Amino acid sequence: MNPCIRLGASTWSYPGWAGIVWDEGPYSESVLAKNGLAAYAQHPLLRCVGIDRSFYRPLTEGQYARYAGEVPDDFRFVVKAPAVVTDALVRGEQGQGRQPNTAFLDPALATQEFITPALAGLGDKVGALVFQLSPLPFSQLQRLPLLLERLRAMLRALPDVRGATPDGVVAVEVRDPEWLSPTIAPQLAAVLKETGATYCLGLHAKMPRLAEQLPLLRALWPGPMVCRWNLNPLHGAYGYEDAQREYSPYDRIHDVDEDTRALLVRTLTGVTGAGQNAFVTISNKAEGCAPLSALALAERLAQR
């Protein structure tokens, strides 16, 4: 494949990948969470991986450095920013919104708790640093132009990720389709282009399908592609737990998403054929087994 293409899973630590990524083991989830990254990174196809735990609690420079020390030089990480910066609400243990989050899109906190430790710890192994904006309360959805100004201010204040790393980029993912409306999408594209960030294609049932998100990425051309393939639309906007229950232990493909596969391959071919980098991380909830979904994409890419 084109070396600019990096495919991987949204995280590691799944015992069900025995015989696919791991040897037959068996290994527990806790063992793989602690020691599995080095083995994962030996897989010749899996050249990037997502770090999602940073969403729930900011990671330190030392924690990032330990991850970087377990992978080869050509490996890259796709890391989610902490929710304390990307969620407009402070949430309870069950995910319910309790009160407005005064630190939402705070530039100083985003730099201190995310960008600076990630750059220092991961170094040249930074791929995409993703600000996934959680679903907004209705009152905020009515004020997206104001939020865009806050987003612009935060992105402009961040350290220069592209200048500090060979492949790194800041990306913004959204979880409300209102961001892609004919009125807001051009404004979002303008903010991202001005600040040197890109749009993260978030393939989740809460969002429009890939074909409807691609115009925003095209508006930022030329530039890299960042995609997080999260959830099969068969399960609906709130079907994460259903997919988890049906697909576990994630040892095979359950539901092929043919439309997404075909369009991803065409998009990856175009983006990387023009010399731009592409990072695609895949969840087990996309089709049932992230490494096998990556393999299916790779086979098609190789054929092209």
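Residues numbered from 1 in each chain as written. Predicted model: local features only at pLDDT ≥ 70, side-chain atom pairs only at ≥ 80, totals over all residues. Heavy atoms only, no water.

**Q** Can you tell me about the pattern of salt bridges, naming the residues and giving the values?
**A** Two side chains of opposite charge can pair, provided their charged atoms sit close to one another. Considering all chains together, one arrives at 15 salt bridges under this definition. Taking the shortest distance from any N to any O, the salt bridge between Arg47 and Asp74 comes out at 2.3 Å. Taken as a pair, Arg47 in strand β2 (residues 46-51) and Asp74 in the loop between α3 (61-68) and β3 (76-80) lie far apart in primary sequence, 27 residues in all. (Salt bridge = Lys/Arg side-chain N within 4 Å of Asp/Glu carboxyl O. Helix = DSSP H or I, 4+ residues; strand = E, 2+ residues; numbered from the N terminus.)

**Q** Pulling in residues and values, what's your account of the pairing of strand β10 (residues 278-282)?
**A** Counting buried positions along β10 yields five of five residues, so the element is predominantly enclosed. Across the two faces of β10 the burial is the same, with Ala278, Val280 and Ile282 and Phe279 and Thr281 all buried. Relative to β10, strand β1 (residues 5-9) is paired through five bridges, and the arrangement is parallel. Note that in β10 the partner of Ala9 across the bridge is Ile282. Examined bridge by bridge, strand β9 (residues 225-229) and β10 share five bridges and lie parallel to one another. Along β10, the bridge assignment pairs Trp229 with Ile282. (Buried < 20%, exposed > 50% of the residue type's maximum accessible area, 1.4 Å probe, protein only. Pairing = 2+ DSSP bridges.)

**Q** Hey, could you go over the packing of helix α5 (residues 107-122) against helix α7 (residues 144-157) for me, with residue numbers and the actual values?
**A** It is at 8 Å that the axes of α5 and α7 come closest, and there the two elements cross at 45°. Viewed along their axes, α5 and α7 adopt a mutual orientation that is oblique. Between α5 and α7 the crossing geometry is right-handed. Only Ala153, Met154 and Ala157 of α7 make contact with α5, whose side of the interface consists of Pro107, Ala110 and Thr111. Here the residues of the contact of α5 with α7 are counted per class, giving five nonpolar, one polar and no charged. (Axes fitted to C-alpha atoms, helices over the stretch in contact; angles between N-to-C directions. Parallel < 35°, antiparallel > 145°, perpendicular 65-115°, else oblique. Left-handed = near helix turned anticlockwise from the far one by under 90°. Contact = heavy atoms within 4.5 Å. Nonpolar A, V, L, I, M, F, W, Y, C, P; charged D, E, K, R; others polar.)

**Q** Can you break down the environment of His204 residue by residue, with the values?
**A** Note that His204 resides in the loop between β8 (198-203) and α10 (210-218). Along the backbone, His204 and Ile115 are 89 residues apart, and their C-alpha atoms lie at a distance of 25 Å. Once residues lying within four places of it in the same chain are set aside, the contact partners of His204 are Arg175, Asn230, Leu231 and Ala237.

**Q** Go over helix α12 (residues 258-273) with me, naming the residues and quoting the values.
**A** With 16 residues, α12 should reach 22 Å at 1.5 Å per residue; the first-to-last C-alpha distance of 22 Å fits that figure. Looking only at α12, the buried set comprises Thr260, Arg261, Leu263, Leu264, Val265, Thr267, Leu268, Val271 and Thr272. One or two positions beyond α12, positive phi appears at Gly275, with a value near 90°. (Expected span 1.5 Å × (residues − 1).)

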